[in-house]
Amino acid sequence: MSDITVNWFENDFNLRVDAASDQALYEIAAQILAEAIPNVPRDTGFLANSGYVNSPINEGFQHQSSKRSPRGSKSKRLYETVDKPPQTDQTVVGFAANYAIYVESRTPFLYPAMLSVQGKIGGTIEEAGRANFG
Amino acid sequence: MVNPIAWLTNYLLTNGAIAAQVGAGVYGGLADPPIGYQPGSKLIVFNTRGGQFSYDNVWLFDSYGFKCYGPTPAISYDVHQTLIEQLQGKHSGPMFSAEIQATGVPLQQPGVDWWFSLCYFAITFKSGLEV
């Protein structure tokens, strides 16, 4: 008879897998955000400053509003973000300025960042896995 | 090498259902309706938002944003639905596949009374590059 015992702590293992995937997704999303921000067309800077990552391990969304002067105008306008981020328990990367979709539809800055990070995902997952599983 | 914008423009212009909706109003490579756009008229404007080649350069994976204009949010959405019916899952010539990435959202063009529905397709083309 074997004297080897294997204890399978399923719940614990699942939690660690979840934590690892949340960590990996968060790092991927943060990388997408970091690569997108330099490509955001800038006028007042409000849009670029409204980037966020929301995930189970980090809630980066913040409602903001600010009065700023667009380029070429002396009068100030009210700039606002949307009230709340998408309601999901998944990881979200986005720009909260309420006009972000118009800028993205004309001058894509988020999608190209996603494509760029797509090619580097392997390394990010490996790092998160090492941090969680040793 | 394939010119996806020119090819797609022609593909949509020669599609009966699209023509019934927008006539000759299909414009590739633009972010907004062309100069002279009559507010309220129906048309489709699309542009690429970039993409990648396959590792062997045989395939070109691009994403395209389509803005479907109409006189009301509901009609712009109807134009977008016709576009989906005519493009989703289709393949023809160098277009290997077309899959919707995000279905339409009716939006109002900032500052003006123009309605459009914005949707995105991932479209794979045979690149036509020498490999």
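Up top is the structure these notes are about.
In short, a report on the structure. Predicted model only: the values in this text are computed from it and were never measured.

Rules used throughout
- Residues numbered from 1 in each chain as written.
- Chains lettered and ligands numbered in written order.
- Predicted model: local features only at pLDDT ≥ 70, side-chain atom pairs only at ≥ 80, totals over all residues.
- Heavy atoms only, no water.
- Helix = DSSP H or I, 4+ residues; strand = E, 2+ residues; numbered from the N terminus.
- Buried < 20%, exposed > 50% of the residue type's maximum accessible area, 1.4 Å probe, protein only.
- Contact = heavy atoms within 4.5 Å.
- Areas by Shrake-Rupley, 256 points an atom, 1.4 Å probe, with all protein chains shown as cover.
- Buried area = accessible area lost by both parts, 1.4 Å probe.
- Salt bridge = Lys/Arg side-chain N within 4 Å of Asp/Glu carboxyl O.
- Polar contact = N/O pair within 3.5 Å; in protein donor to acceptor, adjacent residues only side chain to side chain.
- Nonpolar A, V, L, I, M, F, W, Y, C, P; charged D, E, K, R; others polar.
- Core = buried A, V, L, I, M, F, W, Y, C linked by side-chain atoms within 4.5 Å.
- Disulfide = S-S within 2.5 Å.
- Pairing = 2+ DSSP bridges.
- Axes fitted to C-alpha atoms, helices over the stretch in contact; angles between N-to-C directions.

## Considerations on the overall build of chain A
Within chain A one finds 5 helices and 5 strands. Counted from the first residue to the last, chain A has its helices and strands arranged as α-α-β-β-β-β-β-α-α-α. Per-residue burial over chain A gives 32% buried out of 134 residues. Sequence-distant contacts in chain A: of pairs separated by 6 or more residues, those separated by 24 or more amount to 60%. Total accessible area computed for chain A in this model is approximately 8,600 Å², and 50% of it derives from carbon and sulfur atoms.

## Focus on the interface of chain A and chain B
In this complex, chain A contributes 10 residues to the contact, which on the side of chain B involves 15 residues. Counting each side, the surface lost to burial between chain A and chain B is near 1,000 Å², with a carbon and sulfur contribution of 60%. At the junction of chain A and chain B, the tally comes to 2 salt bridges. Across the pair R49(B) and E104(A) runs a salt bridge whose closest N-O atoms are separated by 4.0 Å. The tally of links between chain A and chain B comes to 4 residue pairs in polar contact (both at pLDDT 80 or more). Of all the secondary-structure elements, those providing two or more residues to the side of chain A that touches chain B are α3 (100-106) and α4 (110-118) of chain A. Considering each element in turn, the side of chain A that touches chain B owes the most residues, 5 residues, to α3(A). Residues that form the side of chain A that touches chain B fall into these classes: 6 nonpolar, 2 polar and 2 charged.

## Some thoughts on the nonpolar core
F66(B), L83(B), L87(B), F121(B) and I123(B) are the most contacted members of the largest nonpolar core, which totals 23 residues. For this core, the secondary structure elements donating two or more residues are α1 (4-13), α2 (16-22), β2 (43-53), β3 (59-70), α3 (73-87), β4 (95-108) and β5 (115-126) of chain B. If we ignore the near neighbours within four places in the chain, the residues touching L83(B) are L12(B), I18(B), I44(B), F66(B), C68(B), Q88(B), C119(B) and F121(B). Grouped together as the second largest cluster of nonpolar side chains are 18 residues, I28(A), A29(A), F95(A) and V103(A) included.

## Observations concerning the state of the cysteines
What makes a disulfide is a covalent bond joining the sulfur atoms belonging to two cysteines. Residues and elements named next belong to chain B. Inspection of every chain in the model, using the stated rule, returns 0 disulfides over all chains. Here C68 is not disulfide-linked; the sulfur of C119 is the nearest cysteine sulfur, at 5.0 Å. By relative accessible area, which is 0% here, C68 ends up buried.

## Concerning the sheet that holds strand β1 (residues 51-55) of chain A
All names here are of chain A. Sheet architecture is open: 3 strands sit in the order β2-β1-β5, paired in antiparallel fashion. Each having just a single partner strand, β2 (58-59) and β5 (92-95) make up the two edges of the open sheet. Pairing geometry for β1 and β5, over 4 bridges, is antiparallel. When the sheet's bridge partners are listed, V53 is paired in β5 with V93.

## As for the side chain of K67(B)
As for its placement among the helices and strands, K67(B) is situated in strand β3. With near-sequence residues (within four places) excluded, K67(B) lies in contact with S105(A), R106(A), A31(B), D32(B), L43(B), I44(B), V45(B), Q109(B), F116(B), S117(B) and L118(B).

## Things to note about the side chain of S54(B)
All names here are of chain B. Along the chain, S54 turns up in the loop between β2 and β3. Within the structure, S54 has its side chain in polar contact with the side chain of D56 (distance 2.5 Å). Sequence-distant contacts of S54, defined by excluding residues within four places in its chain, comprise W59 and F61.

## With respect to the environment of I101(A)
For I101(A), the position within the fold is in helix α3. If sequence neighbours within four positions are ignored, I101(A) has contacts with L107(B) and L118(B).

## So, the sheet that holds β4(B)
Residue and element names in this part refer to chain B. With mixed pairing, 5 strands are arranged side by side in an open sheet as β1-β2-β3-β5-β4. For this open sheet the edge positions go to β1 (26-28) and β4, each flanked by a neighbour on one side alone. Taking the axes of each pair of neighbouring strands and ignoring which way they run, one obtains an average angle of 20° across the sheet. For β1 and β2, the ladder comprises 3 bridges, and the chain directions are parallel. Across the sheet, the residue bridging to Y27 is V45, located in β2. In the packing of α1 onto the sheet, the strands contacted are β1, β2, β3, β4 and β5, and the crossing angle to β2 comes to about 145°. Across the sheet, α3 lies against β2, β3, β4 and β5, angled at about 15° from β5, the strand it touches most.

## A word on the pattern of salt bridges
A pair can form between side chains of opposite charge whenever their charged atoms are brought close. On inspection of all chains with the given rule, the structure shows 4 salt bridges over all chains. The closest approach of N and O atoms between D32(B) and R106(A), which form a salt bridge, is 2.9 Å. Note that D32(B) is positioned in the loop between β1 and β2 and R106(A) in helix α3, a pairing that runs across two chains. We note a salt bridge from K67(B) to D32(B), for which the minimum N-O separation is 3.3 Å. Of this pair, K67(B) sits in strand β3 while D32(B) sits in the loop between β1 and β2, and the two are 35 residues apart along the sequence. Residue K67(B) shares its accessibility class with D32(B), and that shared class is buried. Here the residues in one salt-bridge network are R106(A), D32(B) and K67(B), joined through shared partners.

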